[in-house]
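# Chains, contacts and geometry: an overview
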Amino acid sequence: MHNDAMLEELVKTCDFISKKGLAPATAGNFSARLNDTSMVMSASGKDKSALSKYDFVVCDFQANLLSGDGKPSAEAALHGMIYQLNLATNCVLHTHSVPVTVLSMLEKQAQKITFYGYEMQKTIAGNPTHEAELDLPIFDNSQDIPKLALEVKARWDAVKKAQGFIVRGHGLYSFGPTVFDAKRHMEGLEFLVSCEFAKRGLISHD
Ligand SMILES: [Zn+2]
């Protein structure tokens, strides 16, 4: 896809994400691949409800600014790792929702959330049935983003199968070959986590 068209779609998707309350208080970050070494990424500290294409910067996969007005997000190197590990990935979306934040903190040692029996599992590419388990990996939160990126690399097969992962007490990363696919994966995973969040709340109050 032409880079301008992709950026336009990414800006629209950011607006959608913000309206859903998934990127409050300037949190969250969003990117699209430009080529084998660089990406366009939302600049740090921007109000995600009012982004335009001028609020994006170009940086390499190690989070070094190449062009644009602003600083790449602190988490740019995590996006960069995902692009390096999967050449088919062209968009990465990072959201901060209440269900993802809370559910990943309920079991402090849990390395994954397992979904089973949900029709919505089929929205995640490579998961064609509700009659199989879908594991969404969880990583402990860290301000050392290059270290976190290496942990994601070490569990890449599981991350790729889920088309995303959770950073504990922090948020969700999801990705795909197009902005559309990444958005579908983000919505699907957020929906599934919300279902588990609601289900566990009901069970604990029996
Ligand atoms: Zn974050």
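Before going into details, it helps to say that this report is about the structure given with it.

Conventions adopted
Residues numbered from 1 in each chain as written. Predicted model: local features only at pLDDT ≥ 70, side-chain atom pairs only at ≥ 80, totals over all residues. Heavy atoms only, no water. Donors = N, O, S within 2.8 Å, 3.2 Å for Na, K, Ca; no water. Tetrahedral: all angles 85-135°; square planar, octahedral: opposite > 155°, others 65-115°. Helix = DSSP H or I, 4+ residues; strand = E, 2+ residues; numbered from the N terminus. Buried < 20%, exposed > 50% of the residue type's maximum accessible area, 1.4 Å probe, protein only. Patch = residues over 30% accessible without salt bridge, like charges linked within 9 Å, V, L, I, M, F, W, Y side chains within 5 Å. Areas by Shrake-Rupley, 256 points an atom, 1.4 Å probe, with all protein chains shown as cover. Salt bridge = Lys/Arg side-chain N within 4 Å of Asp/Glu carboxyl O. Pairing = 2+ DSSP bridges. Disulfide = S-S within 2.5 Å.

Another aspect to go through is the coordination of the zinc ion. For a metal with four donors in a tetrahedral arrangement, the ideal angle between donors is 109.5 degrees, while six donors in an octahedron ideally sit at 90 or 180 degrees. Taken together, the protein donors to the zinc ion comprise E75 (OE), H94 (NE2), H96 (NE2) and H170 (NE2), at separations of 2.1 to 2.6 Å. Every donor counted, the four donor atoms about the zinc ion form angles of 88 to 153° at the centre, which fits irregular coordination. Counting along the primary sequence, the residues that act as donors to the zinc ion give the motif E-x18-H-x1-H-x73-H. Note that H96 is positioned in the loop between β5 (91–95) and α3 (98–106) and H170 in the loop between β8 (164–167) and β9 (171–176), a separation of 74 residues in sequence. A residue is classified by how much of its surface remains accessible, and H170, at 14% relative accessible area, is buried.

A contiguous nonpolar patch, built from V98, V102, L106 and F197 and spanning about 330 Å² of accessible area, is present on the exposed surface. Top contributing element to the nonpolar patch by residue count: α3, with three residues. Tracing the chain through its elements places V102 in helix α3. Under the relative-accessibility criterion, V102 is labelled partly exposed at 32%.

Another aspect to go through is the environment of M6. In this structure, M6 sits in helix α1 (residues 3–19). On the accessibility criterion, M6 (7% relative accessible area) is buried. Note: C-alpha distance between M6 and A76 (70 residues apart in sequence) is 18 Å.

Turning our eyes to something else, we now look at the pairing of strand β2 (residues 38–42). One face of the sheet, then the other: side chains in a regular strand alternate in exactly this way. For β2, the buried fraction is high: five of the five residues fall into the buried class. For strand β1 (residues 29–33) and β2, the ladder comprises three bridges, and the chain directions are antiparallel. Bridged to R33 within β2 is M39. Pairing between β2 and strand β3 (residues 56–60): five bridges, direction antiparallel. Counterpart to V40 in the pairing with β3 is V58.

Under the definition given, this model contains zero disulfides. Here C14 stays free of any disulfide, with the sulfur of C91 as its closest cysteine sulfur at 8.1 Å. The buried category is assigned to C14, whose relative accessible area is 0%. Relative accessible area serves as the criterion here: at 0%, C91 is assigned to the buried category.

Everything listed here is a matter of coordinates, which is why it stays silent on function.
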